[in-house]
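# Geometric and topological summary
Each chain is listed here by its residues.
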Amino acid sequence: MNYAEALKYIEQIEYFGSKPGLERISALMEVLGNPQDALKVIHVAGTNGKGSTTAMLTYILKENGYRVGTYTSPHLESYNERFMINGENISDEKLARYVTLIKEACEGLEDKPTVFEVLTAVAFKYFFDEKVDYVVLEVGLGGRFDATNLINKPVLSVITSISFDHVEFLGDTLEKIAFEKAGIIKEGCPCVLYRQSDEVRSVIEAVCKEKNSAFYYTDEQEVTVLKQDITGTVFSVKNRYVDIKNVSIKLIGDYQIKNACLVLLAAEALRLNGVELKDSLILSGVERSKWHGRMEIVGEDPTVLLDGAHNLDGIAMLSDSLKKYFADRKITLLVGILGDKEYGKMVETIAPLASNIVLTEPRSERKWHLESLEEFENMGGIKVYKESDIKKALDLAFSVTEKEDVICCAGSFYLIGEIYKLVGYKL
């Protein structure tokens, strides 16, 4: 297959949907010789913050001279973004070659793999063939039954912020969701946990004890913010594991400080478990890190801000950041969210910050349709517009926003990816 044919094949698999379980990916990787067993993996799960955490860990390892494979999802513009080595996307030619290889391996299987399982197999085989030193592997959904969880012995498991999302798959309580995320913890393999509620911590800690996994977590932590604006943040952090001053990050938002603290703890856990990392290169790795689609500014006059906040917790974090960075400016919200999300609560959380709201539809069969959103037609003084076409919706947002103000585009990554193309921003 060529690149176009490979993409067509991937899109055809989408019809099979999502099916939990490791049986199909296990059978597929068996055909391929189980290359994943030879990889040194840092496995990252969580509800929010996985992408930023994965990016920072990648940059830290890269700065320290390692060759690093990174697997993430979803993508913004192309499937190539999901497979990176030292920050470079897989080429069209190689992606076509590996999709062809995986397609051939699937042909003899009775239970056909899902699209995410096929893509995960591409990642495992690609990184094995390229002889990377480490793989930073982001979970797709949950943890316990995610295709990435075929990894038997990760170098480190990292669990980011846990909140409500995909409750139909993961459960309707934080404890149930935490248990699913904790499925990536393996026997004798260390685990690092983001600072969060006691109910989540207790679940993760219990699984670590059961698995004889070293548990890296801190109840007490002192963070001092030295500088914080839309150009970035400088802070110092002190806890039982680290005492680091003048940490500089370009990623903006209070939650990125928390993500960076988790990453610094993960770096220390890696060192304690035999991975050579230099202090100065850890800091430069964090500072150089970038992650598209999270509080990212892609235009000026007016400021155009993109954030893939796709669940209630993500929208709450975005709302806090808008208050901090743009309190003195009027905001136009351009919002498009998938149908399995808490659309009402999400819009109600962020709506009070807006002067205008433009509702649109992401390019996905799972989208919320505008005709089902009648309750947002009257928002008490906030002007609400509906436009299903994303380009027209963006044009509308520009038409109602002054040059000194802000257009904030939020919601599904399907929406954010389209807006990147429309504003001509190069990833």
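One structure accompanies this document, and this report is about it. Nothing here was measured: the structure is a model prediction, and the numbers come from that model.

## Notes on the sheet that holds strand β11 (residues 243-249)
With antiparallel pairing, 3 strands are arranged side by side in an open sheet as β9-β10-β11. Both outer strands of the open sheet, β9 (222-229) and β11, are each paired with one neighbouring strand and no more. Within the sheet, the average angular offset between the axes of one strand and its neighbour, ignoring direction, is 10°. Pairing of strand β10 (residues 232-238) with β11 involves 5 bridges; the strand directions are antiparallel. Residue pairing for β11: phenylalanine 235 is matched across the bridge by valine 247. Seen against the sheet, helix α9 (residues 254-272) touches β9, β10 and β11 and runs at an angle of roughly 45° to β10.

## What about the packing of aromatic side chains?
Inspection of the entire model under this criterion finds 8 aromatic pairs. Seen in terms of ring centroids, tyrosine 98 and tyrosine 126 are 5.5 Å apart; in terms of plane orientation they differ by 65°. Their pairing is edge-to-face. Of this pair, tyrosine 98 sits in helix α4 (residues 92-106) while tyrosine 126 is found in helix α5 (residues 115-129), placing the two residues 28 residues apart along the sequence. Relative accessible area serves as the criterion here: at 5%, tyrosine 98 is assigned to the buried category. Here a set of aromatic residues connected by ring pairs shows up, and it is made of Tyr71, Phe83 and Phe116.

## A short note on the side chain of lysine 125
Summarising the element assignment, lysine 125 is placed in helix α5. Setting aside chain neighbours within four positions, we find lysine 125 in contact with Pro35, Tyr98 and Leu101.

## What about the layout of surface pockets?
Its boundaries defined by the atoms lining it, the second largest pocket holds a volume of some 550 Å³. Residue lining of the second largest pocket: 24 residues in total, with Glu81, Met84, Gly87, Asn89 and His292 positioned closest to the centre. At the level of secondary structure, the elements contributing two or more residues to the lining of the second largest pocket comprise α3 (50-63) and β4 (88-89). Broken down by element, the residue count for the lining of the second largest pocket peaks at 5 residues, all from α3. When its residues are assigned to classes, the lining of the second largest pocket shows 8 nonpolar, 10 polar and 6 charged.

## Quick notes on helix α8 (residues 198-210)
For an α-helix, the turn length of 3.6 residues means that residues three or four places apart are oriented alike. Its 13 residues place the ends of α8 18 Å apart at the C-alpha level, agreeing with the 18 Å of an ideal helix rising 1.5 Å per residue. Considered for burial, the residues of α8 that qualify are Val200, Arg201, Val203, Ile204, Val207 and Cys208. On an axial view of α8, the arc spanned by its buried residues comes to 165°, and they lie on one face. Residues of α8 that are exposed and point over 90 degrees away from its buried face: Asp198, Lys209 and Glu210. Those residues of α8 that are buried lie in contact with β6 (156-159), α7 (174-181), β7 (191-193) and β8 (215-216). Phi for asparagine 212, located one or two positions after α8, is positive at around 55°.

## With respect to the pattern of salt bridges
Summed over the entire model, instances satisfying the criterion amount to 19 salt bridges. With its nearest N and O atoms 2.9 Å apart, the salt bridge here joins lysine 94 to glutamate 130. Linking lysine 94 in helix α4 with glutamate 130 in the loop between α5 and β5 (134-138), this pair joins segments that are 36 residues apart in sequence. By relative accessible area, which is 24% here, lysine 94 ends up partly exposed. Of the charged contacts, one joins lysine 245 and aspartate 243 as a salt bridge, the two residues approaching to 3.8 Å between their closest N and O atoms. A relative accessible area of 57% means that lysine 245 is categorised as exposed. You can call aspartate 243 partly exposed: its relative accessible area is 47%. What you see here is one network of salt bridges that share partners, running through Arg24, Asp111 and Glu117.

## Section: the pairing of β6
Of the two faces of β6, the one holding Leu156 and Val158 and the one holding Ser157 and Ile159 are both buried throughout. Bridge count between strand β1 (residues 41-45) and β6: 4 bridges; the pairing is parallel. Bridge pairing links valine 44 to valine 158 in β6. For β6 and β7, the ladder comprises 3 bridges, and the chain directions are parallel. Note on β7: the bridge partner recorded for serine 157 is cysteine 191.

Parameters at a glance
- Counting of residues starts from 1 at the beginning of each chain's written sequence and follows it residue by residue.
- The model is predicted, so local features are restricted to residues of pLDDT at least 70 and side-chain atom pairs to those at 80 or more, both for listing and for counting; the totals for chains, interfaces and linings are taken over all residues.
- For the side-chain quantities, the full set of heavy atoms in the structure was used; hydrogens and water were omitted.
- Here, a strand pair is defined by DSSP locating no fewer than two bridges between the strands.
- Where helices and strands are cited, they refer to DSSP runs of H or I of at least four residues and of E of at least two residues respectively, numbered from the N terminus.
- Geometry is summarised by axes, namely lines fitted to C-alpha atoms with helices restricted to the contacting stretch, and by angles between N-to-C directions that run from 0 to 180 degrees.
- Residue contacts follow a heavy-atom distance rule, with two residues in contact if any of their heavy atoms lie within 4.5 Å.
- Think of it this way: a Phe, Tyr or Trp ring, Trp meaning its six-membered ring, pairs with another when their centres are within 6.5 Å, and the plane angle makes it stacked under 30 degrees, edge-to-face over 60, tilted otherwise.
- With a 1.4 Å probe rolled over the protein chains alone, any residue whose accessible area is under 20% of its type maximum counts as buried; one over 50% counts as exposed, and the rest are partly exposed.
- Computed over the protein atoms alone on a 1 Å grid, cavities are sets of points where a 1.4 Å probe fits but cannot get out and pockets are open sets with protein on both sides within 12 Å along at least five of seven lines; a residue lines them when it has an atom within 4 Å of a point.
- Grid points are joined across faces, edges and corners, and a volume is the space filled by probe spheres set on the points.
- In this count, Pro and Cys sit with the nonpolar residues alongside Ala, Val, Leu, Ile, Met, Phe, Trp and Tyr, while Asp, Glu, Lys and Arg are called charged and the others, Gly among them, polar.
- Any helix carries an expected span of 1.5 Å times its number of residues minus one.
- Regarding the arc, it is the one traced by the directions from the helix axis to the C-beta atoms.
- Salt bridge, as used here, is a side-chain nitrogen of Lys or Arg placed within 4 Å of a carboxyl oxygen of Asp or Glu.

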